[in-house]
Every structure is written in structure tokens, then in C-alpha cells.
Amino acid sequence: GENVEQHPSTLSVQEGDSAVIKCTYSDSASNYFPWYKQELGKRPQLIIDIRSNVGEKKDQRIAVTLNKTAKHFSLHITETQPEDSAVYFCAALRPLTTDSWGKLQFGAGTQVVVTP
Amino acid sequence: EAGVAQSPRYKIIEKRQSVAFWCNPISGHATLYWYQQILGQGPKLLIQFQNNGVVDDSQLPKDRFSAERLKGVDSTLKIQPAKLEDSAVYLCASSLPQTVNTEAFFGQGTRLTVV
């Protein structure tokens, strides 16, 4: 079946360094790849997303890259700060079409710890 | 705009008891998801509704879990009887129909502890 794999499961970085999280997906019909941040005890919230017709997207210190051929996408956080500490989830969406229902699948998550 | 509402926030029950969770999605969102998030893991899709119809329940343990979305708005998820391994946060999310890259909005979740 379709799945999304995410690595690493935990990531410790020094404040100011960069963090990179990688995901792979199996469903070639997926065309939308959001990233969610979940702070302890809170709901997942969207921080950035990328569509399949784009290779890279950047928003301040956060960037996402997509390689459709290899079916992998990555989240890059630069100049990390303590408030970046959280669990980050990647996801892949297979869109709703006349042939199939849309489906949003999540990776297992990456616990990011930024130490001052 | 109002977000996805869930209740209760917390629930503690004994194994073999039953429990129900409620979700009110964002107005106008036809797609509704229920996810189970076990501590330290990513959200696992249990069931997905499009309006009031089920479009994916392949990972729902149907011998004990059930869900409905009457009238295509609010939804309830029930577990009967509960097992210890059902302890998790149950997240409800909603979105516009996923024709093109639509964001899913999550509720606060219901933390279930089965003892």
C-alpha cells in the first residue's frame, strides 16, 4: 500500500546550525507535500508545503525541496532556534480524481531538539 | 475563522469499556479524517469521509471501532470495547475536497488513556 517514510526519527542540533529531514513516498499519484510542526501537547500545524510542479520553496528560515523522479522531499531549517524544537511530520497527498479518492498519508515524525 | 473542534480533550476509561469522540469540522469542509496518534509516532489514518460517505476505512479496526458522519458535518468515533493498546491521541482533521493540494486542519485531539 501507499506509505511515507521519514528520517531521522530524532535530530539534535546546536542553535544556529541547520536541520534536514527527509521523506520518501511510494504513491506516484501524490502531488502535494505538506510539512506539519507539532509542539508538545498541541495539534499539528502546517508550516510549509510544496506542490508537485515545483522543485523548491522557501519561507524565511524554512525550505522544502522535492524530487519527483526519486519520490523524495526534504525539509531544511536554517539558523535553528530553541523554539524550532518540536516534532515535524511530512505528508503526501494523493488528490481526489474521477478514479480515486484523495488520501493524506503522514510520515512517522522527527523529534527535533535545538540546544542553546 | 473557527477551527476544528473536538471533545472531550481527555478521557480515561477501563479496558473493555466503550468511549466516543466528537468532531466538528471547519464549515464547508467536505473531507473529514480521523487519525490515531500513538505516543512517539506519526498520525495513522483510521477513516476518511467525503461528506457523509466513507471513502477509506482500510486501517480502521472494525471489530471495535466505528465512525459516522451524519448529515456530512459532525462526526463521532466510537471504540467498543476498548483495549490497552487504544491509548493514544485521536485527531480529527478537515479539508476542502482534495482536488488540488488542500491543507488539512487539525483539531486539538482527544487524549485517550485505557487502564
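Reading the values: the criteria
- Residues numbered from 1 in each chain as written.
- Chains lettered and ligands numbered in written order.
- Predicted model: local features only at pLDDT ≥ 70, side-chain atom pairs only at ≥ 80, totals over all residues.
- Heavy atoms only, no water.
- Helix = DSSP H or I, 4+ residues; strand = E, 2+ residues; numbered from the N terminus.
- Rg over C-alpha atoms; globule rule 2.2 N^0.38 Å.
- Buried < 20%, exposed > 50% of the residue type's maximum accessible area, 1.4 Å probe, protein only.
- Contact = heavy atoms within 4.5 Å.
- Areas by Shrake-Rupley, 256 points an atom, 1.4 Å probe, with all protein chains shown as cover.
- Lys, Arg positive; Asp, Glu negative; His and termini not counted.
- Charge placed at Lys NZ, Arg CZ, Asp CG, Glu CD.
- Salt bridge = Lys/Arg side-chain N within 4 Å of Asp/Glu carboxyl O.
- Polar contact = N/O pair within 3.5 Å; in protein donor to acceptor, adjacent residues only side chain to side chain.
- Nonpolar A, V, L, I, M, F, W, Y, C, P; charged D, E, K, R; others polar.
- 1 Å grid on protein atoms, 1.4 Å probe; cavity = no way out; pocket = protein on both sides within 12 Å on 5 of 7 lines; lining within 4 Å.
- Points joined across faces, edges and corners; volume = space filled by probe spheres on them.
- Pairing = 2+ DSSP bridges.
- Axes fitted to C-alpha atoms, helices over the stretch in contact; angles between N-to-C directions.

S.K.: Lay out the overall build of chain B in plain terms, naming residues and giving numbers.
M.R.: A tally of helices and strands in chain B yields zero helices and 11 strands. Here the C-alpha radius of gyration of chain B, 13 Å, is about what a compact globule of 115 residues would show, namely 13 Å. On the principal axes, the C-alpha backbone points of chain B span a range of 40 × 25 × 25 Å. Across the 115 residues in chain B, those meeting the buried criterion constitute 48%. Considering only residue pairs separated by 6 or more positions, chain B has 54% of its internal contacts joining residues 24 or more positions apart. For chain B, the accessible surface area stands at approximately 5,500 Å², while carbon and sulfur atoms represent 51% of it. Of the side chains in chain B, 12 bear a positive and 10 a negative charge, and the two mean positions are spaced by 6 Å.

S.K.: For the interface of chain B and chain A, give the residues involved together with the corresponding values.
M.R.: Between chain B and chain A, the contact holds 27 residues from the first and 21 residues from the second. Inspection of the chain B/chain A interface yields one salt bridge. A salt bridge links Asp56 of chain B to Lys103 of chain A; its shortest N-O distance comes to 3.0 Å. Across the contact surface, chain B and chain A share six residue pairs in polar contact (both at pLDDT 80 or more). Only β4 (31-37), β5 (44-50) and β6 (53-56) of chain B provide two or more residues apiece to the side of chain B that touches chain A. Classifying every residue of the side of chain B that touches chain A gives 10 nonpolar, 14 polar and three charged.

S.K.: Explain the layout of surface pockets residue by residue, including any values.
M.R.: The rolling of a water-molecule-sized probe over the atoms marks out the regions of remaining empty space. The calculated volume of the largest pocket comes to roughly 590 Å³. Taken together, 31 residues form the lining of the largest pocket, with Gln38 of chain A together with Gln37, Leu39, Gly40 and Arg111 of chain B sitting closest to its centre. Counting residues per element, the ones that place at least two in the lining of the largest pocket are β9 (86-94) and β11 (110-115) of chain A together with β9 (88-95) and β11 (110-114) of chain B. Ranked by residue count, the leading element in the lining of the largest pocket is β11 of chain B, at four residues. In the lining of the largest pocket, the residues fall into 11 nonpolar, 16 polar and four charged. Together, 15 residues line the second largest pocket, and Phe106 of chain A together with Gly42, Pro43, Lys44 and Leu45 of chain B are the ones closest to its centre. Among the secondary structure elements, those contributing two or more residues to the lining of the second largest pocket are β10 (103-106) of chain A together with β5 of chain B. Partitioned by chemical class, the residues of the lining of the second largest pocket number six nonpolar, seven polar and two charged.

S.K.: An account of the sheet that holds strand β1 (residues 5-7) of chain B is needed here, citing residue identities and associated values.
M.R.: All names here are of chain B. Taken together, four strands build an open sheet; the order of strands is β1-β3-β8-β7 and the sheet is antiparallel. Edge positions in the sheet fall to β1 and β7 (65-68), since each of these pairs with one other strand and no more. Across the sheet, the mean angle from the axis of one strand to that of its neighbour is 15 degrees, orientation sign disregarded. For β1 and strand β3 (residues 19-24), the ladder comprises three bridges, and the chain directions are antiparallel.

S.K.: Go over the pairing of β11 of chain B with me, naming the residues and quoting the values.
M.R.: All names here are of chain B. The alternating pattern of β11 places Thr110, Leu112 and Val114 on a buried face and Arg111 and Thr113 on a face that is not buried. Note: strand β2 (residues 10-13) against β11, four bridges, orientation parallel. Bridged to Tyr10 within β11 is Arg111. Two elements, β9 and β11, share three bridges in a ladder whose sense is antiparallel. Within β11, the position partnered with Val89 by the bridge is Arg111.

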